[in-house]
Number of protein chains: 2
Amino acid sequence: MTKQDESPRPEARLPKGLQDTAAPEIRATESMLATIKCVFERYGFEPLDTPAIEYTDALGKFLPDQDRPNEGVFSFQDEDEQWLSLRYDLTAPLARYVAENFQNLPKPFRRYQVGPVWRNEKPGPGRFRQFMQFDADTVGAPSVAADAELCMLAADTLETLGIPRGDYVVKVNNRKVLDGLLESAGLSVGDTHTRLAVLRSIDKYDRLGDEGVRALLGKGRKDESGDFTKGAGLQEKQIDLICGFLFAKGLRRFEQEGAYSNINTIVGLSAALGSSSIAEEAISELEGLLNLVESAGYGPEQIQFDASVVRGLEYYTGPVFEAELTPSIVDERGQTIRLGSVVSGGRYDGLVERFTGEKVPATGISVGVSRLLFGLQLLGKFKGDAVLGPVVVLVFDKDRMADYQKMVQALRNANIRAELYLGSSGMKAQMKYADRRGSPCVVIQGGDEKERGEVQIKDLVLGAGVTPVDDREEYLKHQAEAQFPAPEADLVAAVKKVLARHGA
Amino acid sequence: MTKQDESPRPEARLPKGLQDTAAPEIRATESMLATIKCVFERYGFEPLDTPAIEYTDALGKFLPDQDRPNEGVFSFQDEDEQWLSLRYDLTAPLARYVAENFQNLPKPFRRYQVGPVWRNEKPGPGRFRQFMQFDADTVGAPSVAADAELCMLAADTLETLGIPRGDYVVKVNNRKVLDGLLESAGLSVGDTHTRLAVLRSIDKYDRLGDEGVRALLGKGRKDESGDFTKGAGLQEKQIDLICGFLFAKGLRRFEQEGAYSNINTIVGLSAALGSSSIAEEAISELEGLLNLVESAGYGPEQIQFDASVVRGLEYYTGPVFEAELTPSIVDERGQTIRLGSVVSGGRYDGLVERFTGEKVPATGISVGVSRLLFGLQLLGKFKGDAVLGPVVVLVFDKDRMADYQKMVQALRNANIRAELYLGSSGMKAQMKYADRRGSPCVVIQGGDEKERGEVQIKDLVLGAGVTPVDDREEYLKHQAEAQFPAPEADLVAAVKKVLARHGA
């Protein structure tokens, strides 16, 4: 290839914030996704797939990081100069899909979708520019019953994945609570810029704490790297009111003592918010939602009100929810990990209206796939399926590839995972290869075996175990089990014997 | 949202060449992918995932349509001005992965990967800008045994999907056959530009026929739309030699009469090609491959030599293969469909070397997922799993949502797919909704039933059937089965009775 010889060799590397996924992680993810799918299907959701690329204007600009170039989204121009973007979530494409196919959909429309999304953001530890989401949304359902159901779905999903009650919590709030609060602080809800800045500041409470949020609500905050984020510009008094309300004792579960009741909390909330119309709406929606989940059998240890939950996405209009794992999670180095929310969502009644001009209520949740898997693995609640490697037929004599291939094919036809050694190395390297592949056994046929119409089966699992040397009889028995001859015609049966030993 | 109110409403539409996928298609695809995965695993391949985005230089430019802007690939610049691209296949990312992780991989390295790829090409009927591929590749295996195995894997995959022997064929050739032919036509194999133009012309034989290919090999060709494609610039004599060889009787299966043997064909090929060193290499590799598949039990009706198979991708260096379905496929309007190849691949020994400078032999196949599914569906060999819709609990009285929600939850807890009607319409529209959802039955509880502690179960499948009106007794029996009361406490059992009627 002359052309390539002239140009310098490219470096084999991935762009920052992107990663490859190896077999064990893929198997674990698939097993988890299958369970989630099962639960979502039980709730009546149907699968939908949309492409990775959409018109930029169809996706809209709802991502938190608006100050960065490209506004958090990977974009490029089509031949006809129209701007295209990679989807940054699965909700914006759903809104486009619903607006485009409104007449032909059953209403309400429940769909789930799983797939990668892309964010053109600064990557960091555990923060990637491509990651997977698993969403369930109900479109065309105005009542809080739809929101309540998504909270229950989140709870059921986590429990079905093996997380016991008490080890997770679905936290519920309503954007209107925040709006009522802004109103009582003398701020206009119509001032979308300030409102957005306020809710994004509050959304960072878990990471930045009281002080950090106060700085962001005020003049601004300088982070560890020295980068300065401009604040929302609120006055000290307004900040006191908002923080005093959101992060006060009695409104957050982990500061509770004794019995907890959602309804008691709501009563307190109602008194604190006052009687503006927006506050009344917030209280009534929250009460309705919590009543529904309670009567369906979900207690506050599963689904509970939390005033500090606001979510960073602009498009939410009513109830917002997020689920987190509550046990303190410790990594391999013994450090406590702040995992963040593993499921999140809310109501977004304006997203389809953007296209059609007509109100189409909608609400949904999104599972952060890799974060949830990571949490499950750290909690020891979820192990990927350990898969035995394939049986490897070794190549003793390169001129007899056809014979060895025939053996491999016989094993495969018996539904045994098997492969022919396809490299060019000698027997020792071939044995090493089989070890690396996690093979339960190898099959060998040299000249002597060929003459006798036999094969040698070497059990690599037994072979790797400690050989008893004290007792000669035991030793010989072990050796005989770890490697034994079999008539070539009985190859499949002999290999099956070894597989049975190791639970396959 | 003031900001959006000011800007005009975006149109809800997808960019050309992209498509949404609805539930039945998704279920069918998933079922097919699960089968393919099973066969690939049986051959010892392990899953790998790579991200959608790669550095443009890491992917290289190997796509056929080099004359189009952006060269067939979606590209955009990262913050640091480096060019990124969406992957156009799964082979180029594998080469990057292998080069990057060479030391840590078992060698040979067998991996499979399934996922979408993107081509910035002119879309057409059945030709999309995002489509799914399912690849299996063996890296680090220099021998034709690896190529032979991939041909067997293709055959096994198609048979496991329900395509009987004789209804598919895996066609095999070798790029070196073409090179030998070019040499004997007095052309230099080192002239990559002409070589590429020639093989891409030949690759279009199925679509353009003898005359079209001759035009492309010569001065060029004007297509139906009037677009002119420049030709490879060969002389009439050279074109005669190449076409005479590739498309001659006796070298293509469908023009054969009587018994067919791969080896007889090779003998003929050998005589035709002459004795250049490249021709000898080609013959020896082809013979080796075909001997191996034959001794593993695959006859020429499954895997056979076909001189006209060249594949359009530049990076192939040796054996090339493609599998197609042979029955003539007719669509709903009775028109014969030219499906093209459903599996294709070949050896690409230079792709990892691009990065490392060291030879790393590699070979692979790629399943065209949607084309194969389309073919299977048209052949009637494959039906997606028909899934019963969820049981719908209707909302008779909006104030009693909590009661209805409880019923839904009871059904779900018994692992029954169930949903609460979440819209705001009346009973008639609710029944219509349940019909559209394919519900087996609905659950109704009005005031009277509530008083009696009962629910009404309405079997929608029975209800949709013809009611016998001749026989009063039969009529009443049918009516009683189609709708019946049950104690609220027996809700789950009553619904299960209906589900059992309909095979769920």
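Because the structure is a prediction, the values reported are computed rather than measured.

J.: What should I look at first to understand the overall build of chain A in this one?
T.: Helix and strand content of chain A: 19 helices and 20 strands. Computed over the C-alpha atoms, the radius of gyration of chain A is 30 Å, more than 25% above the 23 Å expected from 2.2 N^0.38 for a compact globule of 504 residues. For chain A, the C-alpha atoms occupy an extent of roughly 95 × 65 × 55 Å along the three principal directions. In chain A, buried positions account for 54% of the 504 residues. Considering only residue pairs separated by 6 or more positions, chain A has 70% of its internal contacts joining residues 24 or more positions apart. With an accessible surface of roughly 21400 Å², chain A has 49% of that area assigned to carbon and sulfur atoms. Of the side-chain charges in chain A, 61 are positive and 75 negative, and the distance between the mean point of each set is 3 Å.

J.: Teacher, can you tell me more about the relation of the copies chain B and chain A here?
T.: There are two copies of the chain, and a rotation about an axis plus a shift along that axis relates them. With an RMSD of 0.1 Å, the fit of chain B onto chain A corresponds to turning through 180° and sliding 0.0 Å along the axis. The superposition operator between the copies reduces to a two-fold rotation axis. Residue Phe76 of chain B of chain B places its C-alpha closer to the rotation axis than any other residue of that unit, at 2.9 Å. An overlap of 99% is found between the interface residues of chain B and their copies at the interface of chain A, pointing to a shared contact surface.

J.: Can you help me understand the sheet that holds strand β20 (residues 483-487) of chain B in this one?
T.: Sheet strands line up and pair through hydrogen bonds in the backbone, either parallel or antiparallel. Residues and elements named next belong to chain B. Sheet architecture is open: five strands sit in the order β17-β16-β18-β19-β20, paired in mixed fashion. Strand pairing shows two members of the sheet lacking a second neighbour, β17 (418-420) and β20, which therefore form its edges. Pairs of neighbouring strands in the sheet enclose a mean axial angle of 25°, with direction left out of account. As judged from the five bridges shared by strand β19 (residues 454-459) and β20, these two strands associate in the antiparallel manner. Bridge pairing in β20 places Glu454 opposite Pro487.

J.: I would appreciate a short explanation of unusual backbone geometry in the present structure.
T.: A cis geometry characterises the amide bond from Lys107 of chain A onward to Pro108 of chain A, with omega recorded as 0°. Counting through the fold element by element, Pro108 of chain A comes out in the loop between α4 (91-101) and β5 (109-118). The backbone of Glu81 of chain A sits at a positive phi, close to 75°, despite the residue not being glycine. Mapped onto the secondary structure, Glu81 of chain A falls in the loop between β3 (75-77) and β4 (83-86). Looking at Glu81 of chain A, the relative accessible area reads 56%, which means it is exposed. In this model, Asn415 of chain B sits at a positive phi of 65°, which is unusual for a non-glycine residue. Here Asn415 of chain B lies in the loop between α14 (401-413) and β17. Classification of Asn415 of chain B as exposed rests on a relative accessible area of 59%.

J.: What exactly am I supposed to notice about a negative patch on the surface here?
T.: All names here are of chain A. Taken together, the side chains of Asp470, Asp471, Glu473 and Glu474 define an acidic patch exposed on the protein surface. Mapped onto the elements, Glu473 comes out in helix α18 (residues 472-482). Assessed through its relative accessible area of 66%, Glu473 is described here as exposed.

J.: Please explain the sheet that holds strand β2 (residues 53-55) of chain B as it appears in this structure.
T.: Residue and element names in this part refer to chain B. Here three strands make up an open sheet; going across it, the order is β2-β4-β3 and the pairing antiparallel. The two strands at the open ends of the sheet, each matched to only one other strand, are β2 and β3 (75-77). For this sheet the average axis-to-axis angle between neighbouring strands, irrespective of direction, equals 35°. Across three bridges, β2 lies against strand β4 (residues 83-86) in antiparallel orientation. Bridge pairing in β4 links Tyr55 to Leu84.

J.: Which parts of the structure should I look at to understand the packing of helix α2 (residues 23-42) of chain B against helix α13 (residues 369-378) of chain B?
T.: The angle between the axes and the distance between the axes are what describe a pair of packed helices. Residues and elements named next belong to chain B. Running from N to C, α2 and α13 point in directions that differ by 105°, and their axes come no closer than 11 Å. When the axes of α2 and α13 are compared, the pair comes out roughly perpendicular. Residues Glu25, Ala28, Thr29, Met32, Leu33 and Ile36 of α2 pack against Val369, Leu372, Leu373, Leu376 and Gln377 of α13. Residue composition of the contact of α2 with α13, by class: eight nonpolar, two polar and one charged.

J.: What is the right way to read the packing of aromatic side chains from this model?
T.: How two aromatic rings sit relative to each other is given by the distance of their centres and the angle of their planes. Applying the stated criterion to the full structure yields 20 aromatic pairs over all chains. For the pair Phe74 of chain A and Phe76 of chain B, a centre-to-centre distance of 5.6 Å together with 50° between the ring planes defines the contact as tilted. Pair noted here: Phe74 of chain A is in the loop between α3 (56-59) and β3 and Phe76 of chain B is in strand β3, and the two residues belong to different chains. Take Phe74 of chain A and Phe76 of chain B: they sit in the same class, and that class is buried. The ring of Tyr43 of chain A carries Arg412 of chain B above its face, with NZ or CZ at 3.5 Å from the centroid.

J.: It is not clear to me how the interface of chain B and chain A should be interpreted in this structure. Could you clarify?
T.: Bring the parts together and some accessible area is lost; that lost area is often taken as the interface size. Taken residue by residue, the interface counts 111 residues in chain B and 110 residues in chain A. In total, chain B and chain A occlude about 9300 Å² of area from one another, counting both sides; carbon and sulfur atoms represent 53% of this. The largest per-residue losses of area from chain B upon contact with chain A belong to Arg13, Arg42 and Leu422 of chain B, which jointly make up 8% of the total buried on that side. Summed over the shared surface of chain B and chain A, the result is 51 residue pairs in polar contact (both at pLDDT 80 or more). Among the elements that make up the side of chain B that touches chain A, the one with the highest residue count is α2 of chain B (seven residues). A class-by-class count of the residues in the side of chain B that touches chain A yields 49 nonpolar, 28 polar and 34 charged.

J.: Help me understand the pattern of salt bridges in this model?
T.: Side-chain pairs of opposite charge can arise whenever the charged atoms involved come near each other. Counting across every chain of the model gives 76 salt bridges over all chains. Where Asp57 of chain B meets Arg13 of chain A, a salt bridge forms, and the shortest distance between an N and an O atom there is 3.2 Å. A residue pair is termed interchain when its members come from two chains, as with Asp57 of chain B in helix α3 (residues 56-59) and Arg13 of chain A in the loop between α1 (2-6) and α2 (23-42). Judged by relative accessible area, which is 16%, Arg13 of chain A ranks as buried. A salt bridge links Asp240 of chain A to Arg214 of chain A; the shortest N-O distance between them is 2.3 Å. In this pair, Asp240 of chain A sits in helix α9 (residues 236-246) while Arg214 of chain A sits in helix α8 (residues 205-217), placing the two residues 26 residues apart along the sequence. Here the salt bridges do not stand alone but share partners, grouping Arg27, Arg412, Arg417, Glu419 and Arg437 of chain A together with Glu41, Glu46, Arg110 and Glu149 of chain B into one network.

Reading the values: the criteria
- Residues numbered from 1 in each chain as written.
- Chains lettered and ligands numbered in written order.
- Predicted model: local features only at pLDDT ≥ 70, side-chain atom pairs only at ≥ 80, totals over all residues.
- Heavy atoms only, no water.
- Helix = DSSP H or I, 4+ residues; strand = E, 2+ residues; numbered from the N terminus.
- Rg over C-alpha atoms; globule rule 2.2 N^0.38 Å.
- Buried < 20%, exposed > 50% of the residue type's maximum accessible area, 1.4 Å probe, protein only.
- Contact = heavy atoms within 4.5 Å.
- Areas by Shrake-Rupley, 256 points an atom, 1.4 Å probe, with all protein chains shown as cover.
- Lys, Arg positive; Asp, Glu negative; His and termini not counted.
- Charge placed at Lys NZ, Arg CZ, Asp CG, Glu CD.
- Least-squares fit on C-alpha atoms with pLDDT ≥ 70 in both.
- Pairing = 2+ DSSP bridges.
- Axes fitted to C-alpha atoms, helices over the stretch in contact; angles between N-to-C directions.
- Patch = residues over 30% accessible without salt bridge, like charges linked within 9 Å, V, L, I, M, F, W, Y side chains within 5 Å.
- Salt bridge = Lys/Arg side-chain N within 4 Å of Asp/Glu carboxyl O.
- Parallel < 35°, antiparallel > 145°, perpendicular 65-115°, else oblique.
- Nonpolar A, V, L, I, M, F, W, Y, C, P; charged D, E, K, R; others polar.
- Phe/Tyr/Trp six-rings, centres within 6.5 Å; stacked < 30°, edge-to-face > 60°.
- Lys NZ or Arg CZ within 6 Å of the ring centre and 35° of its normal.
- Buried area = accessible area lost by both parts, 1.4 Å probe.
- Polar contact = N/O pair within 3.5 Å; in protein donor to acceptor, adjacent residues only side chain to side chain.

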